[in-house]
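Analysis of the macromolecular model
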Amino acid sequence: MASAYKATEKLSKGKKRAAEDDASTVVEKKRKDKVLLLSSRGVTQRMRHLLMDLETLLPHTKKDSKLDSKSSLHLLNELADLHSCSNALYFEARRHEDLYMWASRTPNGPSVKCHVQNIHTMDELKMTGNCLKGSRGICVFDGEWETKEEWKLLKELFSHIFSVPRTSRRLKPFIDHILVFSILDNRIWFRNYQIIEKDPQQPSGPPQTSLVEIGPRMVLTPIRIFEGSFGGPTVFANQEFVSPAATRASIKRAAGERYRQRKEGQGDREERRQRVREELPEDELARDKVFA
């Protein structure tokens, strides 16, 4: 009788331990991975529409008001902690025409600063694609992401930010679009496609699957990868990147050089004409000579 009681006691302890293990796994599954989304002061209308599209595209984002200071980026870690976010997307506007994107894994890093170009929002594209608001998207990376260490690091960072977790509050359990990250010319090309399934042509055949672009779309140029969140030691620096301000300055400098050469040419022509007039002999049939 005692042996049977001990056996049942061991069995009950084993069930209790298994239940505790299941509860711990359930707690781990309920861990949320949120993204803090905000911008700086001075964003234009197109930049603001891009933020709105990303907020619609990623249901696990927490939007905050604009950040006043562009030099105190360490405040973003505190804001992410207040909103219980483990990732952050910060869009920094410069001179009302240049846009930079900070993507960070708060509060310990890593983080990356990218220059955003060729922005097209959902309203501008006027495409026929459409997807359910709040649905999950499949993040697709091409084979170029596995060639270099910096691309592998960015792939892991973007996977945490753009992959919608299953525990998101506003999530709808439906997958109908694909987020494509491609690398071309050392730039990251971001596209969003809708998955469309049509009825098969044959009754027993598989459905026909096609992709239709929805938007938004943009091109990211990585500038620098930091070890910490919004700062710290530099892990990777893009030596080929030229800032848009330097590009505009070189264009203005070239235009000024062309203007200076044109003015110098005009001055040389005037001097040559004056010299030719002085070297000509006196005309005997001039009006002042004939009617003197």
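Residues numbered from 1 in each chain as written. Predicted model: local features only at pLDDT ≥ 70, side-chain atom pairs only at ≥ 80, totals over all residues. Heavy atoms only, no water.

Inclusion rule: UniProt positions are given in the numbering used here, feature names are shortened, and annotations may be inferred rather than shown by experiment.
In the annotation of an unreviewed UniProt entry, the protein chain is listed under the name Ribosomal large subunit assembly and maintenance-related protein and assigned to Trichosporon asahii var. asahii. Its UniProt record, at the heading Subcellular location (unreviewed entry), says of the protein chain: "Nucleus, Nucleolus". UniProt, in its Sequence similarities (unreviewed entry) section for the protein chain, records the words "Belongs to the BRX1 family."

1. Description of the overall build of the protein chain
In plain terms, the rule: Working definition: helices are DSSP H or I runs of at least four residues, strands are E runs of at least two. Numbering for both runs from the N terminus. Classification of residues uses two cut-offs on accessible area relative to the type maximum, computed with a 1.4 Å probe and protein chains only: under 20% is buried, over 50% is exposed, and between them is partly exposed. Whether two residues touch is decided by their heavy atoms; if any such pair falls within 4.5 Å, the residues are in contact. Reported accessibility uses the Shrake-Rupley method at a 1.4 Å probe radius. Residues are deemed covered only where the shown protein chains occlude them.
From N to C terminus, the protein chain includes seven helices and 11 strands. Out of the 292 residues belonging to the protein chain, those deemed buried represent 33%. Look at the contacts in the protein chain between residues 6 or more apart in sequence, and 65% of them connect residues 24 or more apart. Only carbon and sulfur atoms are counted for the fraction: they give 51% of the accessible area of the protein chain, which is about 18,700 Å².

2. So, the nonpolar core
Put simply, the rule reads: What makes a nonpolar core is a set of buried Ala, Val, Leu, Ile, Met, Phe, Trp, Tyr and Cys residues whose side-chain atoms join them at distances within 4.5 Å.
Ranked by internal contacts, the top residues of the largest apolar core, which has 36 residues, are Leu89, Phe91, Trp145, Phe158, Phe162 and Phe181. Top contributing element to this core by residue count: helix H5 (residues 149–162), with six residues. The residues touching Trp145, leaving out its near neighbours within four places in the chain, are Trp151, Lys152, Leu154, Lys155, Phe158, Phe181, Ser182, Ile183 and Ile188. Within the second largest apolar cluster, 12 residues are counted, among which are Leu73, Cys85, Phe226 and Phe230.

3. Points about the confidence of the model for the protein chain
Test applied: Summary of the metric used: pLDDT quantifies the predictor's per-residue confidence within the range 0 to 100.
Averaged over every residue, the pLDDT of the protein chain is 83; residues scoring 70 or more account for 87%. Across residues 4–8, where pLDDT falls below 50, the model places zero contacts with residues more than four positions away in sequence or in other chains.

4. Looking at the side chain of Thr221
Examined against the element boundaries, Thr221 turns out to sit in strand S10 (residues 217–228). Those residues in contact with Thr221, other than ones at most four positions away along the chain, are Lys113, Cys114, His115, Gln117, Arg187, Asn238 and Phe241.

5. Thoughts on unusual backbone geometry
With an omega of 5°, the peptide bond between Gly109 and Pro110 qualifies as cis. Its location among the elements puts Pro110 in the loop between strand S4 (98–105) and strand S5 (111–120). Cis rather than trans, the peptide bond between Gly215 and Pro216 has omega equal to 0°. With respect to the element layout, Pro216 can be found in the loop between strand S9 (208–213) and S10.

6. Here's the deal with the side chain of Asp98
The condition that has to hold: N or O atoms within 3.5 Å of each other form a polar contact, as long as, within protein, one can give a hydrogen and the other can take it, and as long as residues adjacent in sequence are counted only when both atoms are side-chain atoms.
Tracing the chain through its elements places Asp98 in strand S4. Residue classification places Asp98 among the buried positions, given a relative accessible area of 4%. Reaching out from Asp98, the side chain makes a polar contact with the side chain of Arg248 at a distance of 2.9 Å. With residues up to four places along the chain from it excluded, the contact list for Asp98 reads Met47, Glu92, Ala93, Pro244, Ala245 and Arg248.

7. Quick notes on a nonpolar patch on the surface
So the rule is basically this: Like-charged residues are merged into a patch within 9 Å and nonpolar side chains (Val, Leu, Ile, Met, Phe, Trp, Tyr) within 5 Å, provided each residue has over 30% relative accessible area and no salt bridge. The salt bridge definition used is simple: a Lys or Arg side-chain nitrogen within 4 Å of an Asp or Glu carboxyl oxygen.
A cluster of nonpolar side chains, Ile138, Val140 and Ile175, forms an exposed patch at the surface whose accessible area comes to about 220 Å². Within the secondary structure, Ile138 sits in strand S6 (residues 135–141). Owing to a relative accessible area of 36%, Ile138 belongs among the partly exposed residues under this scheme.

8. Let's talk about the packing of aromatic side chains
Stated formally: Pairing of aromatic side chains here covers Phe, Tyr and the six-membered ring of Trp, requires ring centres within 6.5 Å, and sorts the geometry by plane angle: under 30 degrees stacked, over 60 edge-to-face, intermediate tilted. Distance and angle both matter: a charge sits over a ring if NZ of Lys or CZ of Arg is within 6 Å of the ring centre and within 35 degrees of the ring normal.
Considering all chains together, one arrives at 11 aromatic pairs under this definition. The interplanar angle of 75° and the centroid separation of 5.8 Å between the aromatic rings of Trp145 and Trp151 together place this pair among those described as edge-to-face. Just as Trp145 is buried, Trp151 falls in that class too. Taking 5.7 Å as the distance between ring centres and 15° as the angle between the ring planes, the aromatic pair formed by Phe158 and Phe181 counts as stacked. On the criterion of sequence distance, the pair formed by Phe158 in helix H5 and Phe181 in strand S7 (residues 172–184) is long-range, its members being 23 residues apart. Taking relative accessible area as the criterion, Phe158 reaches 0% and is therefore assigned buried. Cluster of aromatic residues (ring-pair linked, three or more members): Phe141, Trp145, Trp151, Phe158, Phe162, Phe181 and Phe190. Lys113 extends its terminal NZ or CZ atom over the ring of Tyr100, reaching a point 4.9 Å from the ring centre.

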